[in-house]
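Listed here are the chains, written in short residue letters.
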Amino acid sequence: MRIVAVLELKGVTKQFGGLTAVSEVDLKIEKNQICSLIGPNGAGKTTVFNIITGVYQVTKGDIFFEGRSICGCAPYKIVDMGIARTYQNIRLFKKMTAVENVMTGFHCRSRAGLFNIIYNRRKMLEEDRNIRKRSEELLEYLKIADLKDELASSLPYGHQRLEIARAMATQPKILLLDEPAAGMNAQEKEELIRTIRGIRNDFGISVLIVEHDMDLIMNISDDITVLNYGARIAHGVPE
């Protein structure tokens, strides 16, 4: 029996005019795997993330999520299917608190539509309280619960963890992390490794990481793909 990959790229190419940013890239992530995408600056790693999440459309090739092609799908539909991401340049809602940022992720799974907002306010408020509670639990899991009422713009630390919490709130089947260790010291990187493994083990979420820190990559990855000038030049286990 063939096991369907959670996410698979087949011959994916992305061109911007005369520039080929990604060239015939193959990539496969199985259930409960932690995979990494590495390479020098400008290799096309973040472009691959943008293709997977629907920010860019492929020029050639196909992308499959649980066996279904997602090429041409809008980003919000891709989130609904179960693909979430963080960003290299943190993109929090700066005028919202930490817990409110996480709550925005949960709302893509909420059931209280316009009808309930107008005619069944009690149900809407009950769901909102439940979303807040679950958001606080995620902040607790990621060890930043003490920041829940802080505005995102004034957070002294934990920005990356807050982005991860918001992405996890969408209840993904695969989580794409774009340089999650940026700016971290050695102790923080060790904690990040434990966190990513915990996300895989405790929530059953597959993880795809773009990262330049090779110590982190070699410590955490089940599988590594190397890009250079947009093309895959190597693939295999860390060893």
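For the structure, see preceding data.
Everything in this summary refers to the structure shown in the same document. (Residues numbered from 1 in each chain as written. Predicted model: local features only at pLDDT ≥ 70, side-chain atom pairs only at ≥ 80, totals over all residues. Heavy atoms only, no water.)

### Re the nonpolar core
In terms of nonpolar packing, the biggest core is built from 38 residues, with Val102, Leu162, Ile164, Leu175, Ile196 and Ile209 touching the most fellow members. By residue number, the principal contributor to this core is helix H6 (residues 159-169), which donates six residues. With near-sequence residues (within four places) excluded, Ile164 lies in contact with Thr86, Leu142, Leu175, Leu177, Leu192 and Ile199. (Core = buried A, V, L, I, M, F, W, Y, C linked by side-chain atoms within 4.5 Å. Buried < 20%, exposed > 50% of the residue type's maximum accessible area, 1.4 Å probe, protein only. Helix = DSSP H or I, 4+ residues; strand = E, 2+ residues; numbered from the N terminus. Contact = heavy atoms within 4.5 Å.)

### Describing the pairing of strand S7 (residues 174-178)
With five of its five residues buried, S7 lies for the most part within the structure. The alternating pattern of S7 places Ile174, Leu176 and Asp178 and Leu175 and Leu177 on opposite faces, both of which are buried. Both strand S6 (residues 83-85) and S7 contribute to a ladder of three bridges, which runs parallel. By the bridge assignment, Ala84 is partnered in S7 with Leu175. In terms of strand pairing, S7 meets strand S8 (residues 206-210) through five bridges, oriented parallel. Among the inter-strand pairings, Ile174 is bridged to a residue of S8, identified as Ser206. Of the crossover connections in this fold, the one passing from S7 over helix H7 (residues 186-203) to the parallel S8 is right-handed. (Pairing = 2+ DSSP bridges. Right-handed = clockwise from strand over helix to strand, strands pointing away.)

### Observations regarding the pattern of salt bridges
Under the counting rule described, the total for this entry stands at 12 salt bridges. As a salt-bridge pair, Arg166 and Glu163 come within 3.3 Å of each other at their nearest N and O atoms. One end of the pair, Arg166, and the other, Glu163, are both in helix H6, three residues apart, so they sit about a helical turn from each other. There is no split in this pair, since Arg166 and Glu163 are both buried. Look at the salt bridges and you will find they share partners, linking Lys143, Arg161, Glu191 and Arg194 into a network. (Salt bridge = Lys/Arg side-chain N within 4 Å of Asp/Glu carboxyl O.)

### Concerning the pairing of strand S3 (residues 34-38)
S3 sits mainly inside the fold: five of its five residues count as buried. Every second residue of S3 is oriented toward a common face, with Ile34, Ser36 and Ile38 on one face and Cys35 and Leu37 on the other, all of them buried. Sheet topology note: the S3/S8 ladder contains four bridges and is parallel. Within S8, the residue paired with Leu37 across the bridge is Val210. Inspection of the sheet shows S3 paired to strand S9 (residues 223-228) by four bridges, in the parallel sense. When the bridges of S9 are listed, Leu37 appears paired with Thr225.

### Quick word on unusual backbone geometry
We note that Asn32 has phi near 65 degrees; this positive angle belongs to a residue other than glycine. For Asn32, a relative accessible area of 32% gives the class partly exposed. Positive phi, normally seen in glycine, also occurs at Glu179, with a value near 50 degrees. Relative to the helices and strands, Glu179 resides in the loop between S7 and H7. Residue Glu179 is classed as buried on the basis of its relative accessible area, which comes to 10%.

### Some points on the side chain of Thr170
If you trace the backbone, Thr170 turns up in the loop between H6 and S7. What Thr170 contacts, discounting residues up to four positions off in sequence, is Val79, Ala84, Gly105, Cys108 and Arg109.

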